[in-house]
Amino acid sequence: MNRGLDLVLRRTAVALITIFCAISLNFLLFRVVPGDAVSNLARVPNSTVAQQQALRHEFGLDRSIGVQYVAYLRELAHGNLGRSFANGQPVSKNLGEALGNTLPMVLLGTVVAILAGIATGVLGAVRRGTRTDRALTVSSLTVYALPAQWVGLLLLFLLGGVFPSGGRVDEFLIEPSPWQHTVDVLWHMTLPSLVVGLTLFGQYALLTRTAMLETLAEDYVLTARAKGLSTLRIVRHHALRNAMLPISTLIALSLGSVVGGVVLIETVFSWPGIGRAIYSAVTSRDYPMLQGAFLVLTVVVVVCNYVSDLIYLRLDPRITV
Amino acid sequence: MNGPVLEVRDLNVWFDGPGGRDVHAVRGVSFDVRPGDRLALVGESGCGKTTTVLGVLGLLGATASVSGSVRVDGQEVLTGGDAAMAPYRWGDLSIVFQGALNALNPVRTVGSQIAEVLPRDGRVSRRAALRRAGELLERVGMAARNVAFYPHELSGGMRQRACIAMALAGEPRVLFADEPTTALDVVVQAQILELLDRLADELGLAIVLISHDLGLVGQLCDRAMVMYAGRAVEEGPTEGLYTAPRHPYTRLLYEATPVLGADRPLRSIGGSPPALDVPLAGCAFRGRCPDAEDRCSLAEPALTPVAPAHRAACHLTGRTP
Amino acid sequence: MSQFRFLRQPAIAVAAGVLALTLLVALFAPLLATSEAGRRVGPVFGSPSSAHPLGLDDAGQDVLSLLLRGARTVLIVGAAASLVAVLIGCAVGVLAGYAGGWVDSVLMRITDYFLVVPALPFMIVVAAIWGPSLSHIILVIGLLSWTQMARLTRAQTMSLRERGYILRARGLGSSHLRIVTRHLLPHLTPLVVANAALTVATAIFAEAALAFLGLGDPTSVSWGRMIEHAFSRSALSAGAWWAFVPPGLCIAAVVVACSVIGQGVAEIANPQLQHDHLPPRRVRLRATAAGGGEDDSGGSDSGRRLRRRTAATVMEES
C-alpha cells in the first residue's frame, strides 16, 4: 500500500539532491578554472576598474573555496544571484522577467506539439505500414532533423512580412489597452511558438508511434478486439491509455532539449526570455547572468521532471499513492 | 434449435514469412459446435490450436491470410471480414484468453472492462452497468465489490474468474477458453474447471477448450480434436481417445500426460514438430512416429472414420490397437 | 525503438549512401571546392549564378565551396564527440551493470543527474568558460551526451551477466577484465553501434547550436557557423536565402541518415514491434487450393491471394 508513498518520497529526495548538485556544479563551473575566469575578466567589454573590482568581490577569488561555497549558498538562500554586468540590475529580477516572457511562448508551442505529436504518432501506429504511416513518419523525422535556429530563420524569411520579425511587443504601440497588448503579444508569439512546436512535434510523433506499437501488441488489445469494440475505442481506451505511461516519461525527459531549443529560437526572434538572456550573457560575457540563467533553467527542468513523475504515479493504478 | 451454432469447414491460415516463405499454420481444419457441446482442441504448443480459434473468431492480424468457411447460424462470417463477424462477436461467440494477467487492461478497473461489453438496450446508466458487472462477478464466485479493483489487485485465479465473467457479459452461446488454467496452481485449476463446467450446465453454453493437457480435457469435454502441425489428426469422444487412441500422436500425447494414481511410466515425445514454412510431403508426424513406414512419407493421410463418431488421419490406423 | 521497420532495407541503404557521400566530400573538399577558403570571389550576398550555383555569402565567398569544406568539421565533431560519449557511456554502463551494488547506485545517480540537466545550456556555459575551439566543442558535447549509452549498456550488461556462459567463465576463474572484453563487449556491439549513430546526430545538432550562439571554432568552416553568419550578418534582410538554406538542409540530411541507421540497427532487438492486435484493414482470403497440404512456396503467390477491403475502420472516418 505505501509503496506509492515511498516512491513519492524517493522521487522528492532525488529531485532535491539533483537541484543541490546543480547548485554546487554551478558554483564549481565558474570557479574550477580560476585562471580562465580571471583572464576572462579583462575581456569584459567596457569594464571599468570599479566593475572589475566588483567582479573580483563577486567571485571572492581571494578567499578559500570552502568559504566561497558557504557564502554562495547563503546568498542563494536569500534569492541573491548577483548583479548583471550588462544593466546593473539584480540577476534574479532580470531572470524573473525573462522567465515570465519565456513560459507562455514555450508552453503554447509545447502543448500544440504534444497534442499534434500524439495524434500523429497514434495514427501512424494504427495505420502501420501504409502509405499514410510512411508519409507521417518521414515528415516527422524530417521535422525532427531540422535545426531549430534554421527553421526559425526560414519562417522569418517566408513569413517575415506577415508576422513581426522579432521582439515581444510592438514598441510603437502607444498606451495599448490590456486587450490590445494581449493580442500584440500573441501576434509576436506566433512564429517563435510555431518553431518550438514544429521542432518538438517530430520527436513526439516518433516516440508516440513506437509506444503505441508496443502497446498494440499486448494481450489486452486482443481481448478488446475480441469483445467487438470499435477500433476507435480500442485505441483510445485500451492502447493509448497504457501507452501514455511511457509517452509521459519520454516527454518529461525531452524537456532538457526543449530548453536548448528555446535558447536558439529566442535568439532568432529576439524574444526577451531566458534563452535570449543566456545568449546575450554569452556574447557580453555577463557571467552572473549566465550562471543565474543556467541555474534557473536546470531547476525548472528538474521540477518539471518531478511533477511528471508524480503525474505518472497517478496515471498508473499499479502504484497506489 | 438443433443445428450447429458454428460450422468450420476446411479452415487454412497462413502467416507471411520472410522471403515469401509463408507459414501454413492451420491446414484444412473442420469442426462443428452445437448448443451445449463440450469440444476440446488438443495439441502441443505451436500446433495451431490458438491460431484456429483466432481464425474462427476473425481475430488474426494483418500478416495472416485465410481460406475456407466459418458459419455462425448458417451465416458465412470468414469471407465477410470484420463487418460480417461483428454482430456475433462476444454476443454469440466469446473467449477467455490464457494468461489472465495480460488479458485484462492493467490501467482500467475490472468492472469497467466488463461493463463496456454489456448489451446496451436503450440507456443503461453507468451505475446500472457496474451493478450488472458485479452480478456477473458473483456468478463466477467473486465478490461484487471487486468491480472497483484493478487487475493487479487480484490473484491469478481471481483474474481468470474475472475474465470468465467478462466473457459471460455478452450472453454468449459458445465460449472459447484458451488454456484457461495455465500458470495457475492445481487447486485453482480445479476450481476454474469446475466453474466452467457449472456455467456450461446452468447457461446451456457450448464450450470449446483449447489445451495441451489431455487430463484437463477429459474432465470438462466430451469430444476432442487432436491437432498436430496445423492439422486435425484425430477426432472423437474423449472417452474413446483415452481408451482407444487411433493415431500414434494421440497415444504418445496421452502417455506424456501425468495422471494422478495412474500406474504407468511417463514418456515424452522425442523430436519436435516439422517446420511449416515448407510444403510437407506425407504425414507430418512421421519424423517422430515410432511406427512410421515407407508409405508415410509418400502421401498425407486423410481423416477417415475408425469408429462411430471417431476419425483419425493415419495410414496405420487399422493396425493401431 | 523501431520507427522505420517498413523503410528498413531501402532506407538504410539510402542513409548509408548519404553518410558515405558526406564522408567523401569531407575527405576531398579541398579538391572539390572551387574557391579557396576565405577568398572573396564576388559581391556580398551575390545571387546564385552558373559560376556560383549556391550564390555568395556575407563576405562574398562561394557558398558551395563553404558547404563542401563544412562537411569536414561537421563529421569530425560528430564522430569525435560521439566517440567520447560512447567511451564514457560504455565505461559507466558496463561498470555499473557488471559491478552492481553501491558502484551501480552511485553511477546511476550521476547518470540521472546528467539526464535531466538541460544539455545545451550546460554546453554553452562550459564552452563560454573554456573559450571557443574545435577540441573544446568536441569535449563538451561528448561529456554531455553519454547518458543514454550508459543506461542502455548497463541494462544489457545486467541481463548478460546472469547468462550461463558468463557465469561459467567466472566459475573457471577468468579475470573480470577478460570477461568484460571477451564476453560482454562483443554482445554489446549492435547496441553500441545503434546508439553511437544517434549520438552523432545529437553531436551535429549541438555543434550547429553552439556555432549559432557564437561559440563555434572561429578558425574552421562549419554548417552551423554558416547559418550563424547568415543570421548575424542579415542575410534575411538581403533576401539571401542561399546563405542559410543549404547548410540547414545538409545538417538535416546527415541527422536523418544517422537516425535511420541508429533506429534500424536498434529495431532488430525489439520483437514487440513486429505485430499488433488491431483489426487488419483487409481480410486476406486465399482461394482454397486442393486439400491445403501443399502450399505455394515462393514464386508469385500474390496472384492467388485475393485481397478484399473490409469496411473502413473507425479511425479512417475521423
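Residues numbered from 1 in each chain as written. Chains lettered and ligands numbered in written order. Predicted model: local features only at pLDDT ≥ 70, side-chain atom pairs only at ≥ 80, totals over all residues. Heavy atoms only, no water.

Asks: Lay out the overall build of chain C with the relevant residues and their values.
Replies: Secondary structure assignment for chain C yields twelve helices and two strands. Residues classed as buried in chain C amount to 52% of the 318 residues present. Intrachain contacts of chain C at a sequence separation of at least 6 include 69% that bridge at least 24 residues. Carbon and sulfur atoms make up 65% of the accessible area of chain C, which totals about 13,800 Å². (Helix = DSSP H or I, 4+ residues; strand = E, 2+ residues; numbered from the N terminus. Buried < 20%, exposed > 50% of the residue type's maximum accessible area, 1.4 Å probe, protein only. Contact = heavy atoms within 4.5 Å. Areas by Shrake-Rupley, 256 points an atom, 1.4 Å probe, with all protein chains shown as cover.)

Asks: Got a sec to walk through the packing of helix 9 (residues 219-226) of chain A against helix 10 (residues 231-253) of chain A? Specific residues and values, please.
Replies: Residues and elements named next belong to chain A. Direction vectors running N to C along helix 9 and helix 10 enclose 170°, while the axes themselves pass 10 Å from each other. By the criterion of interaxial angle, the relationship of helix 9 to helix 10 is roughly antiparallel. Each of Tyr220, Val221, Ala224 and Arg225 in helix 9 lies in contact with helix 10, whose residues at this interface are Ile234, His238, Ala239 and Asn242. For the contact of helix 9 with helix 10, a count of residues per class yields five nonpolar, two polar and one charged. (Axes fitted to C-alpha atoms, helices over the stretch in contact; angles between N-to-C directions. Parallel < 35°, antiparallel > 145°, perpendicular 65-115°, else oblique. Nonpolar A, V, L, I, M, F, W, Y, C, P; charged D, E, K, R; others polar.)

Asks: Now, about the interface of chain B and chain A: what can you tell me, with residues and values included?
Replies: If you look at the interface, chain B gives 23 residues, while chain A gives 18 residues. Here chain B packs against chain A, burying approximately 2,000 Å² in sum over the two surfaces, 58% of which is carbon and sulfur. Sorting the residues of chain B by area buried against chain A places Asn102, Val107 and Glu116 of chain B first, and these three jointly supply 28% of that buried surface. One can count two salt bridges joining chain B with chain A. Counting every contact that joins chain B to chain A gives 13 residue pairs in polar contact (both at pLDDT 80 or more). (Buried area = accessible area lost by both parts, 1.4 Å probe. Salt bridge = Lys/Arg side-chain N within 4 Å of Asp/Glu carboxyl O. Polar contact = N/O pair within 3.5 Å; in protein donor to acceptor, adjacent residues only side chain to side chain.)

Asks: An account of helix 6 (residues 147-161) of chain C is requested, with residue identities and associated values reported.
Replies: Counted at 1.5 Å a residue, the expected span for helix 6 of chain C with its 15 residues is 21 Å, and the 21 Å between its end C-alpha atoms agrees. Of the surrounding elements, those touching the buried residues of helix 6 of chain C are helix 2 (63-99), helix 3 (101-116), helix 7 (164-171) and helix 8 (176-212) of chain C. (Expected span 1.5 Å × (residues − 1).)

Asks: How would you explain the packing of aromatic side chains if you had to name every residue and give the values?
Replies: For any pair of aromatic rings, geometry is given as the distance between the ring centres together with the angle between the planes. All told, the structure shown has 15 aromatic pairs over all chains when counted by the stated rule. Centroid distance Tyr144 of chain A to Phe205 of chain C: 6.0 Å. Interplanar angle 90°. Geometry classified as edge-to-face. Residue Tyr144 of chain A is located in helix 6 (residues 131-145), and its partner Phe205 of chain C is located in helix 8; the two belong to separate chains. Geometrically, the ring pair formed by Tyr113 of chain C and Phe114 of chain C is edge-to-face, given 5.6 Å between the ring centres and 80° between the ring planes. (Phe/Tyr/Trp six-rings, centres within 6.5 Å; stacked < 30°, edge-to-face > 60°.)

Asks: Give a detailed account of the pattern of salt bridges, specifying residues and quantitative values.
Replies: In this structure the tally under the stated criterion is 27 salt bridges over all chains. Put simply, Lys49 of chain B and Glu179 of chain B hold a salt bridge, and the shortest N to O gap is 3.4 Å. Here the residue Lys49 of chain B occupies a position in helix 1 (residues 49-56), and Glu179 of chain B occupies one in the loop between strand 7 (174-178) and helix 7 (186-203), the gap between them amounting to 130 residues. Of the two residues, Lys49 of chain B and Glu179 of chain B, both sit in the buried class. What emerges from the salt-bridge pattern is a single network uniting Lys227 and Arg233 of chain A together with Arg108 and Glu116 of chain B.

Asks: An account of the sheet that holds strand 9 (residues 223-228) of chain B is requested, with residue identities and associated values reported.
Replies: All names here are of chain B. The strand order 6-7-8-3-9-10-12-11 describes an open sheet built from eight strands, whose pairing is mixed. The open sheet has two edge strands, strand 6 (93-96) and strand 11 (304-307), and neither has a second partner. Strand-to-strand twist in this sheet, taken as the mean axis angle between neighbours without regard to direction, amounts to 25°. Inspection of the sheet shows strand 11 paired to strand 12 (residues 310-312) by three bridges, in the antiparallel sense. Its bridge partner being in strand 12, Thr304 is matched across the sheet by Ala312. (Pairing = 2+ DSSP bridges.)

Asks: Hey, could you go over the side chain of Asp178 of chain B for me, with residue numbers and the actual values?
Replies: All names here are of chain B. Within the secondary structure, Asp178 is located in strand 7. An unpaired buried charge is present at Asp178: no salt bridge exists, and Lys49, the closest side chain of opposite charge, is 6.5 Å distant. Polar contacts involving the side chain of Asp178 include one to the side chain of Thr50, which spans 3.2 Å. Apart from the residues lying within four places of it in its own chain, the contact partners of Asp178 are Thr50, Val96, Phe97, Gln98 and Ile210. (Lys, Arg positive; Asp, Glu negative; His and termini not counted.)

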